[in-house]
Amino acid sequence: MRHTISILVDNEPGVLARIAGLFSARGFNIESLCVGETLDPTTSRITLVTSGDDWIIEQIIKRFNNMINVIKVQDLSELTHVEREMVLVRMEATPETRPEILRTADIFRAKVIDVGPRSYMLELTGDRDKITAFLEILRPMGIKEIARTGSVALAREIQNNKRR
Amino acid sequence: MARMLGAEMFFETLIHEGVDVIFGLPGGYVLKVYDVMPKYGEAIKHVLSRHEQGATHMADGYARASGRPGVVLCTSGPAATNTVTGIATAQMDSSPVVVFTGQVPTPYLGSDAFQEADHIGITRPCTKHNSLVRRTRELPRAIKEAFHIATTGRPGPVLVDMPKDVLIGEDELEIPNEISLRGYKPTIRGNIAQIKRAVEIIMTAKRPVVFGGGGLIWSGATPELIELVHRLRIPVALTLMGLGAYPANDPYFMSMLGMHGSYKANMAVHESDVIISIGARFDDRATGGNFPKFAPNAKIVHIDIDPSTIDKNIRVHCPIVGDAKHVLRQMLEFIPKDLNIDRREWFGKIDEWGRQHPLLPKENSDKIMTSHLIDMLSNITNGDAIIVSDVGQHQMWVAQFYKFNRPRTHITSGGLGTMGFGFPAAMGAKFARPDEMVICVAGDGSFQMNMQELATAVENKMDLKIVLINNEHHGMVRQWQTMFFNKNYSASHFDVMPDFVKLAEAFGAKGLRAKRPEELEATLKEGLYSDGVVLMEIVVDYEEMVYPMIAPGGAMNEMILEDIEREMIVESVDMA
């Protein structure tokens, strides 16, 4: 099963390497990894997406908890939560494809953030499925390159207790 | 506040931490530390090892014998990489070792400067924690944190990397009184509800067994364990790391369990209905490695300070996270003192297993058998010496035949199985407990991995005894080749062997040799009761094998008891 794990850590050099090192040492796979400072500049939040059976996830979480620089670990998959990714897409833009690209961007509520003689650059945020769908629709029109972030996630205030 | 050099802060903080000895070797980027060292010579003794791996094992041996952290000081690059084996050894056996490495000046970091290596990156997977100090002012706090992390919770090695400019820089000395880390709050006391549940499970057990590990020793839980065992009349089996945590001369003791454990201990674990595991992590050498077949009818109570060991290998019915000593004390509050539990049936069964396949040393009139030698050593010293064994067959015979009655008298590399550990670790143990008789039992293969430290031992006028078992082979490798690789003795024989007696003499130590069974006792007695560093080379039968044995991946009731049975398992084994 896919798990989104939120890890609050000391904002210090090398902490990310410790987290990632745990995965490489055990042969576990990381699907995505996002890091950024929190409101408190001495801490960072890492959002990590991985998959594995319950036993593996339990082991991973226990190992994180064991690390000196890890303050708090939360498996968001056990909670109602919001998850977002962002993608930047550079589209090949010819006079023929320009309107269609703009229409698609509009449907997905993507923003045009760069316009050139031969290309458009679009920006979209959303959950993983939305971004994947967006890219699938754009693909036949000629994607030149993409940059896609991993997931960032936070638990919702109101928990519907579905999974707990 | 006094202004001083980083190098001086280093010593001031160590003294504040109560450090009395450091094991090390100088080099370019820590020369400032060595420069100011004479000033602190009264408070802190520096032991000059001949190799950083030796220094790290010495610090580890010191920690295991004393319970206090062992300290290493060395320079950058090759020196730091030399400590890695020692650090990984300490990590696997939860030994509090603090390693200080010199580093290139901060402006040079990452420039491939002379003797630069990424110590933090290299040691990240094998330390409990590590840190790079960036400013002189931060040095005392980093050191204090390192000692705090190394010695609390589940102990372990910590490395502090000290760039040269931090050491030669000057600032005000400020040693923090207390360390509090947001992400690090080990659980010491057990959860009361879980403790009540555990007591309930144990009280209703018909065939309980204590499965004790090294955590008992680190937490100093021996008195509480004895109390618990005597009140409830529970037989005790210990892992390799646990030996000494429960007195071998007590009737409830069943000896070591696991791959080379006794038949009765392993059968008792296998047939038990409740296992009380304390400070043990159910590793594959202690359980046989066949986790699904492990103790199929037992409910498992697992007491451990490290939550990540729980449910790692074995499904646990009642986990209790906490320090063994605290948790056992808490449990004792719920167990009446005047219980009169009848366990005649259970002990009858255990005695029967003991009679069927007793653990007995072998004797031979032509050749010295190592098991007999260890048994003799145990008798001569009355089980009272600190025995530091290296890794291999002799290590298992020490575990089987030496009667350890006190904690911290058995020191060995269990988790990592580091050949070359024994001799330097024995030196560390002797520095920690100079009044005790310390004996290193080494194999010829293991000893040759760190024998340069003979110079250090002689230089420090140590009273240290080495029993060197010479079977001209990597004995355990040969045993596995015999059992599992169709007797293909590839690279397990030493075609050239040093003359160990002359070697000892070349370093200024005393050398003795016994080749015949009738010379053994006199040689041991002469060696053990001579002053100084004495190396006793004992030439033994290379064909002796360690039995009983669980083949890797086997269950605890599937022991290979004797040579005759080995043919049949050759094909059934496919993993190490």
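Residues numbered from 1 in each chain as written. Chains lettered and ligands numbered in written order. Predicted model: local features only at pLDDT ≥ 70, side-chain atom pairs only at ≥ 80, totals over all residues. Heavy atoms only, no water.

**Points about the overall build of chain B**
Argument step 1. Scanning chain B from N- to C-terminus turns up 23 helices and 22 strands.
Argument step 2. Relative to the compact-globule value of 25 Å for 576 residues, chain B shows a C-alpha radius of gyration of 24 Å, a close match.
Argument step 3. Considered along the principal axes of its C-alpha atoms, chain B spans approximately 70 × 60 × 45 Å.
Argument step 4. When contacts within chain B are restricted to residue pairs at least 6 apart in sequence, long-range pairs at least 24 apart make up 77% of them.
Argument step 5. Averaged over its 57 positive side-chain charges, chain B has a centre that lies 5 Å from the centre of its 70 negative ones. (Helix = DSSP H or I, 4+ residues; strand = E, 2+ residues; numbered from the N terminus. Rg over C-alpha atoms; globule rule 2.2 N^0.38 Å. Contact = heavy atoms within 4.5 Å. Lys, Arg positive; Asp, Glu negative; His and termini not counted. Charge placed at Lys NZ, Arg CZ, Asp CG, Glu CD.)

**Brief notes about the overall build of chain A**
Argument step 1. Secondary structure assignment for chain A yields four helices and nine strands.
Argument step 2. Along chain A, helices and strands appear, N-terminal first, in the series β-α-β-β-α-β-β-α-β-β-α-β-β.
Argument step 3. Seen through its principal axes, chain A has C-alpha atoms that stretch 55 × 40 × 35 Å.
Argument step 4. Sequence-distant contacts in chain A: of pairs separated by 6 or more residues, those separated by 24 or more amount to 73%.
Argument step 5. Only carbon and sulfur atoms are counted for the fraction: they give 52% of the accessible area of chain A, which is about 9,200 Å².
Argument step 6. Across chain A, the centroid of the 23 positively charged side chains sits 1 Å from that of the 23 negatively charged ones. (Areas by Shrake-Rupley, 256 points an atom, 1.4 Å probe, with all protein chains shown as cover.)

**Re the sheet that holds strand S3 (residues 45–48) of chain B**
Residues and elements named next belong to chain B.
Argument step 1. An order of S3-S2-S4-S5-S7-S6 is seen for the six strands of this open sheet, with the pairing classed as parallel. Each of the sheet's edge strands pairs with one partner strand only, and the pair in question is S3 and strand S6 (129–132). Here the average twist between neighbouring strands, direction ignored, is 20°.
Argument step 2. With five bridges joining them, strand S4 (residues 70–74) and strand S5 (residues 97–103) adopt parallel strand pairing. Within S5, the residue paired with Val71 across the bridge is Val98. (Pairing = 2+ DSSP bridges. Axes fitted to C-alpha atoms, helices over the stretch in contact; angles between N-to-C directions.)

**Side note on the confidence of the model for chain B**
Low-pLDDT portions of the prediction should not be read for the details of their coordinates.
Argument step 1. Residues of chain B with pLDDT of at least 70 account for 97%, and the chain-wide mean is 95.
Argument step 2. Under a pLDDT of 50 for its full length, residues 566–576 of chain B has, in the predicted model, 18 contacts with residues more than four places off or in other chains. (pLDDT = per-residue confidence, 0-100.)

**Observations regarding the sheet that holds strand S4 (residues 70–75) of chain A**
Residue and element names in this part refer to chain A.
Argument step 1. Ordered in space as S2-S3-S1-S4, the four strands form an open sheet in which the pairing is antiparallel. The two strands at the open ends of the sheet, each matched to only one other strand, are strand S2 (30–37) and S4. Each neighbouring strand pair of the sheet contributes to a mean axis angle of 15°, computed without reference to strand direction.
Argument step 2. Note: strand S1 (residues 2–10) against strand S3 (residues 43–51), nine bridges, orientation antiparallel. If you follow Ile5 over to S3, its bridge partner there is Leu48.
Argument step 3. On top of the sheet, helix H2 (residues 54–66) reaches S1, S3 and S4; it is set at about 160° to S4, its chief contact.

**Details of the packing of helix H3 (residues 98–107) of chain A against helix H4 (residues 128–142) of chain A**
All names here are of chain A.
Argument step 1. At a closest axis distance of 11 Å, the pairing of H3 and H4 adopts a crossing angle of 180°. Classified by the interaxial angle, the pair formed by H3 and H4 is roughly antiparallel. Contact residues: Glu100, Ile101, Thr104 and Ala105 in H3; Phe134, Ile137, Leu138 and Met141 in H4.
Argument step 2. Residues belonging to the contact of H3 with H4 are distributed by class as follows: six nonpolar, one polar and one charged. (Parallel < 35°, antiparallel > 145°, perpendicular 65-115°, else oblique. Nonpolar A, V, L, I, M, F, W, Y, C, P; charged D, E, K, R; others polar.)

**Brief notes about the packing of aromatic side chains**
Residues and elements named next belong to chain B.
Argument step 1. One pass over the structure, following the stated rule, counts 19 aromatic pairs over all chains.
Argument step 2. Taken together, a centroid distance of 4.9 Å and an interplanar angle of 15° make the contact between Phe11 and Tyr40 stacked. Residue Phe11 is found in helix H1 (residues 6–16), and its partner Tyr40 is found in the loop between helix H2 (31–36) and S3; the two are separated by 29 residues along the sequence.
Argument step 3. Its relative accessible area of 0% is what places Phe11 among the buried residues.
Argument step 4. Take Tyr40: its relative accessible area is 9%, and that puts it in the buried class.
Argument step 5. With a centroid separation of 5.3 Å and 50° between ring planes, the pair formed by Phe423 and Phe447 is classed as tilted. Of this pair, Phe423 sits in helix H18 (residues 422–432) while Phe447 sits in helix H19 (residues 444–447), placing them 24 residues apart in sequence. For the pair shown, Phe423 and Phe447 are each scored as buried.
Argument step 6. Feature note: the residues Phe10, Phe11, Tyr40, Phe100 and Phe147 constitute an aromatic cluster, connected by ring pairs. (Phe/Tyr/Trp six-rings, centres within 6.5 Å; stacked < 30°, edge-to-face > 60°. Buried < 20%, exposed > 50% of the residue type's maximum accessible area, 1.4 Å probe, protein only.)

**A few points about the environment of Leu464 of chain B**
Residues and elements named next belong to chain B.
Argument step 1. With respect to the helices and strands, Leu464 occurs in the loop between helix H20 (454–459) and strand S18 (465–470).
Argument step 2. The exposure class assigned to Leu464 is buried, which follows from its relative accessible area of 0%.
Argument step 3. Considered as a pair, Leu464 and Met437 are 27 residues apart in the sequence and their alpha carbons are 7.6 Å apart.
Argument step 4. Sequence-distant contacts of Leu464, defined by excluding residues within four places in its chain, comprise Phe423, Ala426, Met427, Lys430, Val438, Gly532, Val533 and Val534.

**Here we look at the interface of chain B and chain A**
Argument step 1. Taken together, the 16 residues of chain B in the interface contact 19 residues of chain A.
Argument step 2. Carbon and sulfur atoms make up 45% of the area that chain B and chain A hide from each other, which totals about 1,500 Å².
Argument step 3. Per-residue buried area on chain B facing chain A is highest for Arg124, Arg182 and Ser308 of chain B; these three make up 39% of the total on that side.
Argument step 4. Counting the contacts that link chain B with chain A gives two salt bridges.
Argument step 5. A salt bridge links Asp40 of chain A to Arg182 of chain B, with the nearest nitrogen and oxygen atoms 3.5 Å apart.
Argument step 6. Counting across the interface, chain B meets chain A through eight residue pairs in polar contact (both at pLDDT 80 or more). (Buried area = accessible area lost by both parts, 1.4 Å probe. Salt bridge = Lys/Arg side-chain N within 4 Å of Asp/Glu carboxyl O. Polar contact = N/O pair within 3.5 Å; in protein donor to acceptor, adjacent residues only side chain to side chain.)

**Considering H4 of chain A**
Residue and element names in this part refer to chain A.
Argument step 1. In this model H4 runs 21 Å from its N-terminal to its C-terminal C-alpha over 15 residues, within 8% of the 21 Å that 1.5 Å per residue would give.
Argument step 2. Looking at H4, one finds that the buried residues are Ile131, Phe134, Leu135, Leu138, Met141 and Gly142.
Argument step 3. Contacts made by the buried residues of H4 are with strand S5 (81–92), H3, strand S7 (119–126) and strand S8 (143–148). (Expected span 1.5 Å × (residues − 1).)

**Points about the layout of surface pockets**
If you roll a probe as big as a water molecule over the atoms, it shows you where there is empty space left.
Argument step 1. For the second largest pocket, the calculated volume is near 1,200 Å³.
Argument step 2. Lining the second largest pocket are 42 residues; nearest its centre among them are Arg63 and Asn66 of chain A together with Gln91, Asp306 and Ser308 of chain B.
Argument step 3. Elements with a minimum of two residues in the lining of the second largest pocket: helix H1 (15–26) and H2 of chain A together with helix H5 (84–92) of chain B.
Argument step 4. With seven residues, H1 of chain A is the single largest residue contributor to the lining of the second largest pocket.
Argument step 5. Along the lines of polarity and charge, the residues of the lining of the second largest pocket split into 15 nonpolar, 15 polar and 12 charged. (1 Å grid on protein atoms, 1.4 Å probe; cavity = no way out; pocket = protein on both sides within 12 Å on 5 of 7 lines; lining within 4 Å. Points joined across faces, edges and corners; volume = space filled by probe spheres on them.)

**What about the pairing of S2 of chain A?**
Argument step 1. As judged from the seven bridges shared by S2 of chain A and S3 of chain A, these two strands associate in the antiparallel manner. Among the inter-strand pairings, Cys34 of chain A is bridged to a residue of S3 of chain A, identified as Thr47 of chain A.

**Description of the confidence of the model for chain A**
Argument step 1. Of the residues in chain A, 98% reach a pLDDT of 70 or more, and the chain-wide mean stands at 93.
Argument step 2. Element-level pLDDT for chain A is lowest in H1 of chain A, with a mean of 88, against a maximum mean of 98 in S7 of chain A.

**Observations concerning the packing of helix H16 (residues 370–380) of chain B against helix H23 (residues 517–528) of chain B**
The description of two helices packed together rests on the angle between their axes and the distance between the axes.
Residues and elements named next belong to chain B.
Argument step 1. One way to put it is that H16 packs onto H23 with a least axis distance of 11 Å and a crossing angle of 50°. Here H16 is positioned oblique relative to H23, judged by the angle of their axes. Our pair here, H16 against H23, has a crossing hand that is right-handed. Contacts from His372, Leu373, Met376, Leu377 and Ile380 of H16 reach H23 at Leu520, Glu521, Leu524, Lys525 and Leu528. (Left-handed = near helix turned anticlockwise from the far one by under 90°.)

**Comments concerning the environment of Gly212 of chain B**
All names here are of chain B.
Argument step 1. In this fold, Gly212 is placed in strand S9 (residues 208–212).
Argument step 2. Put simply, Gly212 and Gly28 are 184 residues apart on the chain and 45 Å apart in space, counted from C-alpha to C-alpha.
Argument step 3. Excluding its chain neighbours within four sequence positions, the residues that come into contact with Gly212 are Ala237, Leu238, Thr239, Gly242, Ile278 and Ala280.

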